[in-house]
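Geometric and topological summary
Each chain, written out:
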Amino acid sequence: MNILVINCGSSSLKFQLIDAQTEEVIAKGLCERIGIEGSRLVYTPLGGSAQGHAVQGQKQETVTPMKNHTDAIRLVLAALTDEETGVVGDLGEIGAVGHRVVHGGEKFASSTVITDEVIRAIEACNDLAPLHNPANLIGIDACRELMPETPMVAVFDTAFHQTMPDKAYMYGLPYEYYEKYKIRRYGFHGTSHSYVSKKAAEVLGRKYEDLKIIVCHLGNGASVSAVQNGRCVDTSMGLTPLEGLIMGTRSGDIDPAIIEFIAHKEGKNIDEIMQILNKKSGVLGLSENLSSDFRDLEAGYKEGNPRAKNAMETFAYRVAKYIGAYAAAMNGVDVICFTAGVGENSDFVRKMICQEYLGYLGIALDEAANQKRGEDIAISTPDSKVTVMVIPTNEELAIARETCRLTAER
Ligand code: ADP
């Protein structure tokens, strides 16, 4: 069965068509600037009926108006079934659609087949993720309109973290805010934390349920999670993805009183300050707008730029502090995994974190292994007390697996 995986943002839509049996990506791409002038579709056929064709592996870009997400999905479906460049004969060859949904609140502790009732429950979580959930729902609606007979599944970023105990998810706030508004830690990147922690156990040939694993998902957005005996017990993002690590442009943890302080000093309102904390902070802000991209920061660091150096050191220090906190939360740690754009690619950042701070855990880094890319590997030495690994994440594959599992049961 082929599964279409959709990750819908407010003006963009990423997709992959995955053969659930072979787990091969048959086609992938994205629509950008939906509803804005200059919208375009980027599409790459990789397998399926494009196999053997000259088009296979060739990225195509089409600039064409898309006034909304329905237009965008219509174009994606047309590209997938196109006589020349398509990868399937007709839409009947797409067995199910898996949608990434950011916030499932307390309602969704696992993925679910989408029904009208599920859509209403996702809508009820819109308050908790006002930038993301409405966009995810628009993608779901558009797909249901164009493929009314095809089963759809929602896979939530928050679901994996629903196993956290209340001591990990409660904030030190008046209890009534939890009761009235469900203000608590939810956590995000759950699909990635789940995929990577399971994969680590598999690669090590160990039972998932026997391990204490810390996953460091370090991308533009970044979070750490503690996975004990196969269940998430804590994670660094909170009610929203703003909490925790210092990220590309997000501040992560700060003293909440800073918000009032900036408001008074700079004459800014709450929306303006939230914009600063989400878009102008993190390593971008720390580096005086040099970059939010760790490739640029690493280059700056090596050239002796003090702001780049400080941004990277502050980032690495915060990651190391969370690792320490989660080793304490689980009373030990067997495996530490690095994943996502920075975690998978930057041996420099991994070394900064492991060598500088994690010696007390008995960790010894294998410098040669740390240089490798794109593999599921251990980067600690065989005698290291904790195994440190690089596990490339694959959220689309995880969504496809969930979608296949739930729709095959029907
Ligand atoms: P997101 O999904 O949150 O947008 P990704 O997981 O794709 O983020 O990570 C993107 C980030 O990964 C980039 O901003 C960049 O900082 C970092 N990155 C990618 N390649 C490298 C590399 N070779 N070295 C260092 N950092 C890298």
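Cut-offs applied
- Residues numbered from 1 in each chain as written.
- Predicted model: local features only at pLDDT ≥ 70, side-chain atom pairs only at ≥ 80, totals over all residues.
- Heavy atoms only, no water.
- Near = heavy atom within 4 Å.
- Polar contact = N/O pair within 3.5 Å; in protein donor to acceptor, adjacent residues only side chain to side chain.
- Areas by Shrake-Rupley, 256 points an atom, 1.4 Å probe, with all protein chains shown as cover.
- Helix = DSSP H or I, 4+ residues; strand = E, 2+ residues; numbered from the N terminus.
- Pairing = 2+ DSSP bridges.
- Contact = heavy atoms within 4.5 Å.
- Axes fitted to C-alpha atoms, helices over the stretch in contact; angles between N-to-C directions.
- Salt bridge = Lys/Arg side-chain N within 4 Å of Asp/Glu carboxyl O.
- Buried < 20%, exposed > 50% of the residue type's maximum accessible area, 1.4 Å probe, protein only.
- Patch = residues over 30% accessible without salt bridge, like charges linked within 9 Å, V, L, I, M, F, W, Y side chains within 5 Å.
- 1 Å grid on protein atoms, 1.4 Å probe; cavity = no way out; pocket = protein on both sides within 12 Å on 5 of 7 lines; lining within 4 Å.
- Points joined across faces, edges and corners; volume = space filled by probe spheres on them.
- Nonpolar A, V, L, I, M, F, W, Y, C, P; charged D, E, K, R; others polar.

A closer look at the site of the ligand
In the region of the ligand, the neighbouring residues are Gly219, Asn220, Gly221, Asp293, Phe294, Arg295, Ala340, Gly341, Val342, Asn345, Ser346 and Arg373. Between phenylalanine 294 and the ligand, the recorded distance is 2.7 Å, taken from a backbone N or O atom to an oxygen atom. For the ligand, whose accessible area on its own is 580 Å², the fraction buried by protein is 68%. Of all the secondary structure elements, the ones that give two or more residues to the shell around the ligand are α10 (294–302) and α12 (340–345). Looking at the shell around the ligand, the element that brings in the most residues is α12, giving 4 residues.

Looking at the sheet that holds strand β4 (residues 40–45)
Pairing within the open sheet is mixed, and its 8 strands lie in the order β5-β4-β3-β2-β1-β6-β8-β7. For this open sheet the edge positions go to β5 (60–63) and β7 (112–113), each flanked by a neighbour on one side alone. Contacts from helix α3 (residues 133–146) reach β1 (2–8), β6 (94–101) and β8 (152–156) within the one sheet, and its direction differs from that of β6 by about 165°.

Re the pattern of salt bridges
Any two side chains of opposite charge can pair, so long as their charged atoms come close to each other. For the structure on display, the rule yields 19 salt bridges. Close ionic contact of arginine 40 with glutamate 61 constitutes a salt bridge, the shortest N to O distance being 2.4 Å. Of this pair, arginine 40 sits in strand β4 while glutamate 61 sits in strand β5, and the two are 21 residues apart along the sequence. We classify arginine 40 as partly exposed; its relative accessible area is 25%. With a closest N to O distance of 2.8 Å, arginine 295 and aspartate 293 form a salt bridge. With a relative accessible area of 26%, aspartate 293 lands in the partly exposed category. Taken together, the shared-partner salt bridges in this structure form one network comprising Glu32, Arg40 and Glu61.

Considering the side chain of serine 380
Its location among the elements puts serine 380 in the loop between β13 (377–378) and β14 (387–390). On the accessibility criterion, serine 380 (8% relative accessible area) is buried. Of note is the side chain of serine 380, whose polar atom sits 2.9 Å from the backbone nitrogen of valine 388. Not counting the four nearest positions on each side in its chain, serine 380 is found in contact with Ala364, Leu365, Asp366, Val386, Thr387 and Val388.

Brief notes about a nonpolar patch on the surface
Together, Leu173, Tyr177 and Tyr181 make up a nonpolar patch on the protein surface, roughly 300 Å² of accessible area in all. Looking at where tyrosine 177 falls in the secondary structure, it is placed in helix α5 (residues 175–181).

Brief notes about the layout of surface pockets
Space left empty within the atom packing is revealed by a probe, the size of a water molecule, rolled over the atoms. Here the second largest pocket is characterised by a volume of approximately 490 Å³. Considering the residues around the second largest pocket, the lining is formed by 22 residues, among which Phe160, Ser194, Tyr195, Lys198 and Glu402 are closest to the centre. Listed by contribution, the elements that provide at least two residues to the lining of the second largest pocket are β8, α6 (190–204) and α15 (395–408). Examining the composition of the lining of the second largest pocket, we find that 7 residues originate from one element, α6, more than from any other. Across the lining of the second largest pocket, the residue classes tally to 8 nonpolar, 7 polar and 7 charged.

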